[in-house]
Amino acid sequence: MKMFLPILFIFCLSFSASYASVQDFCVADLSMSDGPAGYPCKKVSGVSVDSFVYSGLGTAGNTTNIIKAAVTPAFVAQFPGVNGLGISAARLDLAVGGVIPMHTHPGASEILFIIEGTICAGFISSSANIVYFKTLNKGDIMIFPQGLLHFQINSGKGSALAFVSFSSPNPGLQILDFALFANNLPTELVTTTTFLDAAQVKKLKGVLGGTG
Ligand SMILES: *[C@@H]1O[C@H](CO)[C@@H](O)[C@H](O)[C@H]1NC(C)=O
């Protein structure tokens, strides 16, 4: 019995060590397809420190567009190292007058970190449509609960920069106006389902690239 416990202890240690090594990470093999549990893992021989570093958020996104803003994602598709870890990030650049229009991330909660400028941000609760919004300044952070509609507006005089992190490697992004007006759902059905008049629907389809 005297010898048994130390032996059992070492036995357990060796087990937990080998168990931990298969659990440490699962860098996405993007040649396979994504599923509810993420991508299959790359072989460890194909993993290096660069699997855990992403340099794509160092430069500003192109804000020459209708929203005067750019979202540069570091989701699993861009940054395979986050696969299976329940995290990801993105960079937001907002030119003067820029806006990230009302949108949701079906798969993740979000934290917004203001780096530069002034951003008016808010979200709407799903149960009572209560709006929570505030003007945020450099150093402020704000959270947006999973799945809720939210927005960010550059409300300052200069450009604004923020980073966001998500509670999923693949948070998804659905922008409300694009969902409503940037597709080929017939104007008549958009009108019926939104209570907007046909002229307004046609105008928004024209602006956002929808048809029908
Ligand atoms: C930014 O996007 C606009 C519109 O697509 C394009 O004309 C312009 O060349 C882009 N600028 C850069 C620096 O890529």
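Quick caveat, the model's predicted, so the values are computed rather than measured. Throughout, a residue's number is its position along its own chain's written sequence, starting from 1. In keeping with the model being predicted, local features are shown solely for residues with a pLDDT of at least 70 and side-chain atom pairs are shown and tallied solely at 80 or more, while totals for entire chains, interfaces and linings include all residues. The side-chain numbers reported here are obtained from all heavy atoms of the structure, hydrogens and water having been left aside.

Peer 1: Can you lay out the overall build of the protein for me, pointing to particular residues and giving the numbers?
Peer 2: Secondary structure elements are defined from DSSP: runs of H or I of at least 4 residues count as helices, runs of E of at least 2 residues count as strands, and each element is numbered from the N terminus. In terms of helices and strands, the protein carries four helices and ten strands. The N-to-C order of helical and strand elements in the protein reads α-β-β-β-β-β-β-β-β-β-β-α-α-α. Among the 212 residues that make up the protein, the fraction classed as buried is 32%. We call two residues in contact when some of their heavy atoms are within 4.5 Å. A fraction of 66% describes how many contacts in the protein between residues 6 or more apart in sequence connect residues 24 or more apart. Only the protein chains shown count as cover for residues, and all accessible areas are computed by the Shrake-Rupley method using a 1.4 Å probe. A total accessible area of about 12500 Å² is found for the protein, and carbon and sulfur atoms account for 65% of it. To sort residues, take the accessible area from a 1.4 Å probe on protein chains only and compare it with the maximum for the residue type: under 20% means buried, over 50% means exposed, and anything in between is partly exposed.

Peer 1: Explain the pattern of salt bridges to me, and be specific about the residues and the numbers.
Peer 2: Put simply, a salt bridge is a Lys or Arg side-chain nitrogen that is within 4 Å of an Asp or Glu carboxyl oxygen. Throughout the structure, instances matching the rule amount to two salt bridges. Linking R91 and D93 is a salt bridge whose minimum nitrogen-to-oxygen distance equals 2.7 Å. For the pair formed by R91 and D93, the shared burial category is buried.

Peer 1: Lay out empty space enclosed by the protein in plain terms, naming residues and giving numbers.
Peer 2: Grid points spaced at 1 Å and placed over the protein atoms alone form the basis of the search, with a cavity being a set where a 1.4 Å probe fits but cannot get out and a pocket an open set showing protein on both sides within 12 Å along at least five of seven lines. Lining residues have an atom within 4 Å of a point. Grid points are joined across faces, edges and corners, and a volume is the space filled by probe spheres set on the points. The tally for this structure, following the rule as stated, stands at one cavity of 30 Å³ or more. By volume, the largest cavity is sized at about 60 Å³. Lining the largest cavity, in full, are V71, F75, L92, I100, H103, H105, E110, Q152, V164, F166 and L173. Broken down by secondary-structure element, the contributors of at least two residues to the lining of the largest cavity are β3 (99–104) and β9 (160–166). Three residue categories are used. Nonpolar comprises Ala, Val, Leu, Ile, Met, Phe, Trp, Tyr, Cys and Pro, charged comprises Asp, Glu, Lys and Arg, and polar comprises the others, including Gly. Of the residues that constitute the lining of the largest cavity, the class distribution is seven nonpolar, three polar and one charged.

Peer 1: Can you tell me about the packing of helix α3 (residues 187–194) against helix α4 (residues 198–208), naming the residues and giving the values?
Peer 2: Interaxial angle, 0 to 180 degrees, is taken between N-to-C directions of lines fitted to C-alpha atoms, where a helix line uses only the stretch in contact. In contact at an axis separation of 9 Å, α3 and α4 are set at 115 degrees when each is read in the N-to-C sense. As for how α3 packs across α4, the hand of that crossing is right-handed. For the pair α3 and α4, contact is made by T187, V190 and T191 and by A198, V201, K202 and K205, respectively. Of the residues in the contact of α3 with α4, the class split is three nonpolar, two polar and two charged. By convention, the crossing between two helices is left-handed when the near helix turns anticlockwise from the far helix through less than a right angle, and right-handed when the turn is clockwise.

Peer 1: I'd love a proper account of the sheet that holds strand β4 (residues 110–116), names of residues and values included.
Peer 2: In this description, strands pair whenever DSSP reports at least two bridges between them. As summarised here, the arrangement of the five strands in space is β1-β2-β9-β4-β7, forming an open sheet in which the pairing is antiparallel. Where the open sheet ends on each side, the last strands, each with one partner, are β1 (69–74) and β7 (141–144). Strand-to-strand twist in this sheet, taken as the mean axis angle between neighbours without regard to direction, amounts to 20 degrees. As defined by bridge partners, β4 adjoins β9 across six bridges and the pair is classed as antiparallel. Looking across to β9, one finds that F113 is bridged to F163.

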